[in-house]
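# Report on the structure
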2 protein chains.
Amino acid sequence: MSEGLRERKKRQTRQRISEAALGLFVARGFDRVTIAEVAAAAEVSVNTLYNYFEAKEDLVLPPDEASPQRLADIVRARQPGESAARAVLGRLRDELRRHERKVGLTAGFGPVFAMMRAAPTLTARLEDLGRQMTDALAAVLAEETGAAPGDRTPCVIAGQIGWFHSLVYGEIGRRIEAGEQPAAIAEALLELLDVVEETLSERALGYATREA
Amino acid sequence: MSEGLRERKKRQTRQRISEAALGLFVARGFDRVTIAEVAAAAEVSVNTLYNYFEAKEDLVLPPDEASPQRLADIVRARQPGESAARAVLGRLRDELRRHERKVGLTAGFGPVFAMMRAAPTLTARLEDLGRQMTDALAAVLAEETGAAPGDRTPCVIAGQIGWFHSLVYGEIGRRIEAGEQPAAIAEALLELLDVVEETLSERALGYATREA
DNA sequence: GCAAAAAATGGCATGCGCTGCAAACATACA
DNA sequence: TGTATGTTTGCAGCGCATGCCATTTTTTGC
């Protein structure tokens, strides 16, 4: 038996809590739902809920869908001849063109974005995630380019990449919330990425180009 | 009488609360001081304290020292022949060279930064302020360049400027907190700004150049 | 000057997020 | 079955934040 009864029950309980919370949050807003209500909806006590989730905000953010390694992974997986910035730009364009669920380009995500924008603590979480992503990316860039320890160029480049990455996500959230159609959003965001690429320097766009 | 007794007392009370709060916060940490303690130290009731400040975080951030219009003002005041990005870069370099209090380059600011970094709600405030600054800057850029309504270039340029602006401030906070000397910090930050300028494109650096 | 209006203040009560603690319960293992 | 381990639960409590109401102080109009 690879998984005992106890662990299975724990997973079920955790998911039950998470689903109940998300349902209540999108229906009535993050602030207008108390922890006690979530616990009651999940048929658990408040203490049990806090055994599974450290804080109320943790009930919302799925830790597996948004990894702090996202940018670092994209850059690590880039093609020969491709730079770090272009790899991220390309990945974003791919995801936009495919309307991938990962970027939240789905009609059902509207209330979720609205809820998150209304709760400052949730947006703070997202920003912290972005910071972790750029930090990890800076480490990868420093390692792959063999930059000197005091050289801040990797941090600066990573900062620019992290900036337009979160710019795209923020724009998606705002537009989904405004009721725009995913296809229209994708098109607008692709144009925005073109503007971004035009305003980035050759130095930034070519940094850490993988040898062919 | 330009200022009645009432308004003067209000200002005094407000300042007394603010000073008491800051003193307690830097001494024992933001989280380990209760509102009741601040009120007691300022010799006011808890209710009065909430009449002056909406939330606990408001006790820390002086709304006049950090204006949402800061970036917009800098750009509006730029010299003929100077672009938006270079105006902000120049202003940052000036402030760094003069070790101005405005940028927090003072020895006594160390505990303050440490306290703010330890309290997520405070950093969230700062980030929101940064967002307001870039939004205002984008509006100024759009107006001065006469960009078409659908043109996102002003937003992108403003985003890049806002990015390195907050980069400098964040770095100051981290280094002051680490105990580095203001002079050393200023030097390091000036070098960082050089790296930033090298990695920005000519397009971004020259955007919205004021006619001579 | 004096009374009415406006504003500031303080005390009390409430709701909510969150954290301990000890007891009751369920599971795993011998 | 019995024991050890881990989980759940109710309860009490703290701190932040808000609302209500009475009291005191300041301003305003006469």
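Residues numbered from 1 in each chain as written. Chains lettered and ligands numbered in written order. Predicted model: local features only at pLDDT ≥ 70, side-chain atom pairs only at ≥ 80, totals over all residues. Heavy atoms only, no water.

## Digging into the overall build of chain A
Helix and strand content of chain A: ten helices and zero strands. Dimensions of chain A, computed from C-alpha atoms along their principal axes, come out at roughly 55 × 45 × 35 Å. Contacts spanning at least 24 positions in sequence make up 73% of the contacts within chain A whose residues lie at least 6 apart. Split by element, the accessible area of chain A, about 11200 Å² in all, is 50% carbon and sulfur. (Helix = DSSP H or I, 4+ residues; strand = E, 2+ residues; numbered from the N terminus. Contact = heavy atoms within 4.5 Å. Areas by Shrake-Rupley, 256 points an atom, 1.4 Å probe, with all protein chains shown as cover.)

## Describing the protein's contact with DNA strand C
The full set close to DNA strand C counts 21 residues, and N47 of chain A together with K10, S45, N47 and T48 of chain B are the nearest of them. In this structure, N47 of chain A approaches DNA strand C through a side-chain N or O atom, which is 2.3 Å from a base oxygen. A distance of 2.9 Å separates a phosphate oxygen of DNA strand C from a polar side-chain atom of K56 of chain A. When residues of the surface near DNA strand C are traced back to their parent elements, those giving at least two are helix 1 (5–28) and helix 3 (46–52) of chain A together with helix 1 (5–28) and helix 3 (46–52) of chain B. Take the surface near DNA strand C: its biggest share by element is four residues, from helix 3 of chain B. By residue class, the composition of the surface near DNA strand C is seven nonpolar, eight polar and six charged. (Near = heavy atom within 4 Å. Polar contact = N/O pair within 3.5 Å; in protein donor to acceptor, adjacent residues only side chain to side chain. Nonpolar A, V, L, I, M, F, W, Y, C, P; charged D, E, K, R; others polar.)

## Here's the deal with the relation of the copies chain B and chain A
Here chain B sits on chain A after a turn of 180 degrees about the axis and a move of 0.0 Å along it, with an RMSD of 0.3 Å. Each copy turns onto its partner about a two-fold axis. Residues of chain B ranked by C-alpha distance from the rotation axis are headed by S201 of chain B, positioned 1.9 Å from it. Of the interface residues in chain B, 100% have counterparts in chain A that sit at the interface too, so the contact is made through matching surfaces. (Least-squares fit on C-alpha atoms with pLDDT ≥ 70 in both.)

## Description of the packing of aromatic side chains
Taken as a whole and assessed by the stated rule, the structure comprises two aromatic pairs over all chains. Their ring planes at 55 degrees and their centres at 4.8 Å tell us that F25 of chain A and F30 of chain A sit as a pair that is tilted. Summarising the burial analysis for this pair, F25 of chain A and F30 of chain A share the class buried. The residue whose ring lies beneath R14 of chain A is F53 of chain A, and the NZ or CZ to ring-centre distance is 4.5 Å. Cation over ring: K56 of chain B sits above F30 of chain B, and NZ or CZ is 4.7 Å from the ring centre. (Phe/Tyr/Trp six-rings, centres within 6.5 Å; stacked < 30°, edge-to-face > 60°. Buried < 20%, exposed > 50% of the residue type's maximum accessible area, 1.4 Å probe, protein only. Lys NZ or Arg CZ within 6 Å of the ring centre and 35° of its normal.)

## Considering helix 5 (residues 84–97) of chain A
Residue and element names in this part refer to chain A. When the terminal C-alpha atoms of helix 5 are compared, their 20 Å separation across 14 residues agrees well with the 20 Å that a helix rising 1.5 Å per residue should span. Every buried residue of helix 5 is listed here: A84, A85, A87, V88, L89, L92, R93, E95 and L96. Packed against the buried residues of helix 5 are helix 4 (70–76), helix 7 (120–145), helix 8 (153–177), helix 9 (182–199) and helix 10 (202–206). Of the residues flanking the start of helix 5, the one acting as N-cap is S83, its side-chain oxygen 3.2 Å from the backbone nitrogen of R86. (Expected span 1.5 Å × (residues − 1).)

## Overview of the interface of chain B and chain A
Listed as interface residues are 21 residues of chain B and, on the opposing side, 21 residues of chain A. Between chain B and chain A, roughly 1900 Å² of surface is buried when both sides are summed, and carbon and sulfur atoms account for 55% of that area. Ranking the residues of chain B by area buried against chain A places R152, W163 and T199 of chain B at the top, with a combined share of 30%. Where chain B packs against chain A, one counts six salt bridges. Note that E171 of chain B is salt-bridged to R152 of chain A, the shortest N-O span being 2.8 Å. Between chain B and chain A we count ten residue pairs in polar contact (both at pLDDT 80 or more) in total. Listing elements by their share of the side of chain B that touches chain A, those giving two or more residues are helix 7 (120–145), helix 8 (153–177), helix 9 (182–199) and helix 10 (202–206) of chain B. With eight residues, helix 8 of chain B is the largest single contributor of residues to the side of chain B that touches chain A. (Buried area = accessible area lost by both parts, 1.4 Å probe. Salt bridge = Lys/Arg side-chain N within 4 Å of Asp/Glu carboxyl O.)

## A look at the domain arrangement of chain A
Residue and element names in this part refer to chain A. When cut into domains, chain A gives domain 1 (5–59) and domain 2 (70–206). With seven residues of domain 1 at the contact, the number on the domain 2 side is eight residues. Where domain 1 abuts domain 2, roughly 660 Å² becomes buried across the two surfaces, and 68% of that area is made up of carbon and sulfur atoms. One can count two salt bridges joining domain 1 with domain 2. (Domains from an automatic or database assignment.)

## Topic: the packing of helix 5 of chain A against helix 9 of chain A
Residue and element names in this part refer to chain A. With their axes 9 Å apart at the nearest point, helix 5 and helix 9 run at an angle of 165 degrees to one another. Viewed along their axes, helix 5 and helix 9 adopt a mutual orientation that is roughly antiparallel. Helix 9 is crossed by helix 5, and the crossing has left-handed handedness. On helix 9, the residues touching R86, L89, L92, R93, L96 and R97 of helix 5 are A186, L189, L190, L193, D194 and E197. Partitioning the contact of helix 5 with helix 9 into residue classes produces seven nonpolar, no polar and five charged. (Axes fitted to C-alpha atoms, helices over the stretch in contact; angles between N-to-C directions. Parallel < 35°, antiparallel > 145°, perpendicular 65-115°, else oblique. Left-handed = near helix turned anticlockwise from the far one by under 90°.)

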